[in-house]
Amino acid sequence: MTKRILMIVATAALCMSAEAKVKLPKLVSDGMVIQHSTDVRLWGWDKPGSKVTVTTSWSDEKATVTTGKDGKWLVSVKSPKASFTPLEITFDDGEKTTVKNVLAGEVWVCAGQSNMEMPVKGFGQCPVVDYNKEVLNAADGVRSAKIPSRMSTRPLDDAETSWRISSPQTVSEFSATGYFFAKTVRNALNIPVGIIEANKGGSRVESWLDEANLKKYTKENLDSATMKDRFQWDFHYPLLWGNATVHPILNYTVKGILYYQGCSNVGDPKGQYTNRLKLLVEQWRRDFKEGEIPFYFVQIAPYVYGDGIDGTSGAKLREQQYEATKVIPNSGMVCTNDLVFPYEKGQIHPAQKQQVGERLAYLALNKTYGIKTVICESMTFKDMILQDGKAYLSFDNMSDGYNRWEDIEGFEIAGNDKVFHKATATKFWAPGNDPRNERIVVSSPEVKEPVAVRYCFKNFQIGNFGNQGGLPLVPFRTDNWE
């Protein structure tokens, strides 16, 4: 009898010990990348009222915190300069837990829908260019944590994930856009880069807005029990994806956010997507508690939407994305008008992901890391002069010149009848011979008195005009005709 009582007591003691041991979120684990040279948040759970002491291999300082009534705790530690030297972090509540092989570097979130989720190995019938080459040349010092795409009616604090170290054996599973961004930044700065992949294929911008914002600024019905009756696909659900896929990472200290989304919002009323994307950025900046962190996003690529190849539903969403750059501080947009092949009209996942990730990296390297010699912004329409039956156009972000002199494709011109005709754009003109006023001349023999010009303002139209940095002209229209 006594022996049995002793066994019960011993078992109870083990259970109490197990309950008391500090529990860490899956993101705070072996192989993690922490944001360097800042105050890094670490968090977890323990028995209410427990004292948790955090020590690091790079400092003699200790951080101590007492868990609240809900068992949660959060503490900040000063991180070291970026380095490829493995580090350790120990959490002690009477029983030690140590996280090993930690690197200090740059940490970026990769959010959005399937074009951000698309791995280096591609999807079925959706390859990524130069797959084998990229696998065999996998960059060291790049790490990734993929948050499972899940739904929840309430915000979740943890997600099943782990850190993956880039190698020929693992890189095929990394987000292609995220990986090529990380690889470019890692090589340019010679420091580790970690990406946290939190995305869901097909999601709308409303999928990531929280309950308070959805109720205040939209008319979305948030009754989860009826969502399946209101939406053809679950990936269009509002709120639920953000609760389970982004909320678990909000305590993590990050440098910035990369975003590739928009296809599922094609058809939104004018201005709606712009406003909701701005709202989402404000929400995430608030929740990451790092101030006005950089937000760099990708304009959706040419694709044949429901109104056909010459329709403009996709073009109008791209227009809203461009407008978002004007109202979201510390943001930048990557134009992908030139990053589709002619045979990808019906391919929602274009294969040229290297350039997408690289262009995101150019934005970060110039705007965030201060390498101003990197050309990072696409050319954009500035103004138009109508004269002698021709349209004279000027542009911003030329980077000292254009990418070509001849065979410019993508321009159309129209008169008062609002019928657009293919236009030529072959001659350069500088009023007063001032290079700062350099313009291109757009015309068509079928339009005697032009009033409007468009450039690649269709669902699927590939242009070839850009700036001296090789970045494409952002599609535009000078009219507001519907």
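All figures in this text were calculated on a predicted structure; none of them were measured in a lab. (Residues numbered from 1 in each chain as written. Predicted model: local features only at pLDDT ≥ 70, side-chain atom pairs only at ≥ 80, totals over all residues. Heavy atoms only, no water.)

> An account of the pairing of strand 13 (residues 331-334) is needed here, citing residue identities and associated values.
Strand residues, when the strand is regular, have side chains that alternate between the two faces of the sheet. Across the two faces of strand 13 the burial is the same, with Ser331 and Met333 and Gly332 and Val334 all buried. Summarising the sheet, strand 12 (residues 295-298) and strand 13 pair through four bridges and their orientation is parallel. Each residue of the ladder has a partner; that of tyrosine 296, found in strand 13, is glycine 332. What joins strand 12 to strand 13 is helix 9 (residues 313-327), and the crossover it makes is right-handed. (Buried < 20%, exposed > 50% of the residue type's maximum accessible area, 1.4 Å probe, protein only. Helix = DSSP H or I, 4+ residues; strand = E, 2+ residues; numbered from the N terminus. Pairing = 2+ DSSP bridges. Right-handed = clockwise from strand over helix to strand, strands pointing away.)

> Which residues make up the pairing of strand 2 (residues 39-45), and what values go with them?
Burial analysis of strand 2 places six of its seven residues in the buried class, which makes it a mostly covered element. Relative to strand 5 (residues 72-78), strand 2 runs antiparallel, the two sharing seven bridges. Looking at the pairing, leucine 42 lines up with valine 75 of strand 5.

> Outline the environment of phenylalanine 297, supporting the account with residue identities and numerical values.
Mapped onto the secondary structure, phenylalanine 297 falls in strand 12. Once residues lying within four places of it in the same chain are set aside, the contact partners of phenylalanine 297 are Tyr259, Leu277, Gln321, Ala324, Thr325, Gly332, Met333, Val334 and Leu360. (Contact = heavy atoms within 4.5 Å.)

> Could you give an account of helix 10 (residues 353-368), with specific residues and numbers?
If you check helix 10, its first and last C-alpha atoms are 22 Å apart, about what 16 residues at 1.5 Å a residue would give, namely 22 Å. Buried within helix 10 are the following residues: Lys353, Gln354, Val356, Gly357, Arg359, Leu360, Ala361, Leu363, Ala364, Leu365 and Asn366. Looking one or two residues beyond helix 10, the residue adopting positive phi is glycine 370, at roughly 80°. (Expected span 1.5 Å × (residues − 1).)

> For unusual backbone geometry, give the residues involved together with the corresponding values.
The phi dihedral of asparagine 190 is positive, around 55°, even though this residue is not glycine. Mapped onto the elements of the fold, asparagine 190 is located in the loop between helix 4 (176-189) and strand 10 (193-199). In the Ramachandran plot, asparagine 397 falls in the positive-phi region, its phi being about 60° despite a non-glycine side chain. Residue asparagine 397 is classed as partly exposed on the basis of its relative accessible area, which comes to 31%.

> With reference to specific residues and values, describe the packing of helix 8 (residues 272-288) against helix 9.
As a packed pair, helix 8 and helix 9 sit with axes 8 Å apart at the nearest point and diverge in direction by 45°. Judged by the inter-axis angle, helix 8 sits oblique to helix 9. Helix 8 and helix 9 meet at a crossing whose hand is right-handed. On helix 9, the residues that touch Gln272, Tyr273, Thr274, Leu277 and Lys278 of helix 8 are Leu317, Gln320, Gln321, Glu323, Ala324 and Val327. Broken down by class, the residue content of the contact of helix 8 with helix 9 amounts to five nonpolar, four polar and two charged. (Axes fitted to C-alpha atoms, helices over the stretch in contact; angles between N-to-C directions. Parallel < 35°, antiparallel > 145°, perpendicular 65-115°, else oblique. Left-handed = near helix turned anticlockwise from the far one by under 90°. Nonpolar A, V, L, I, M, F, W, Y, C, P; charged D, E, K, R; others polar.)

> Can you break down the nonpolar core residue by residue, with the values?
If you look at the biggest cluster of nonpolar residues, it comprises 72 residues, and the most contacted ones within it are Phe91, Tyr252, Tyr259 and Trp284. Looking at this core, the element that brings in the most residues is helix 8, giving seven residues. The residues contacting tyrosine 252, other than those within four sequence positions of it, are Leu27, Met32, Val33, Ile34, Arg41, Trp43, Val107, Trp163, Ile196 and Phe288. By size, the runner-up hydrophobic cluster in this structure holds 34 residues, among which are Trp108, Leu360, Ala361 and Leu363. (Core = buried A, V, L, I, M, F, W, Y, C linked by side-chain atoms within 4.5 Å.)

> Got a sec to walk through the packing of aromatic side chains? Specific residues and values, please.
In total, this model carries 24 aromatic pairs according to the counting rule given. With a centroid separation of 5.6 Å and an interplanar angle of 10°, the aromatic rings of tryptophan 233 and phenylalanine 235 are classed as stacked. Residues phenylalanine 341 and tyrosine 343 carry aromatic rings whose centres are separated by 5.2 Å and whose planes lie at 15° to one another, so their mutual orientation is stacked. Phenylalanine 341 sits in the partly exposed class, given a relative accessible area of 26%. Classification of tyrosine 343 as exposed rests on a relative accessible area of 64%. An aromatic cluster is present here, built from Phe381, Phe395, Tyr402, Phe411, Tyr455, Phe465 and Phe476 joined pairwise through their rings. (Phe/Tyr/Trp six-rings, centres within 6.5 Å; stacked < 30°, edge-to-face > 60°.)

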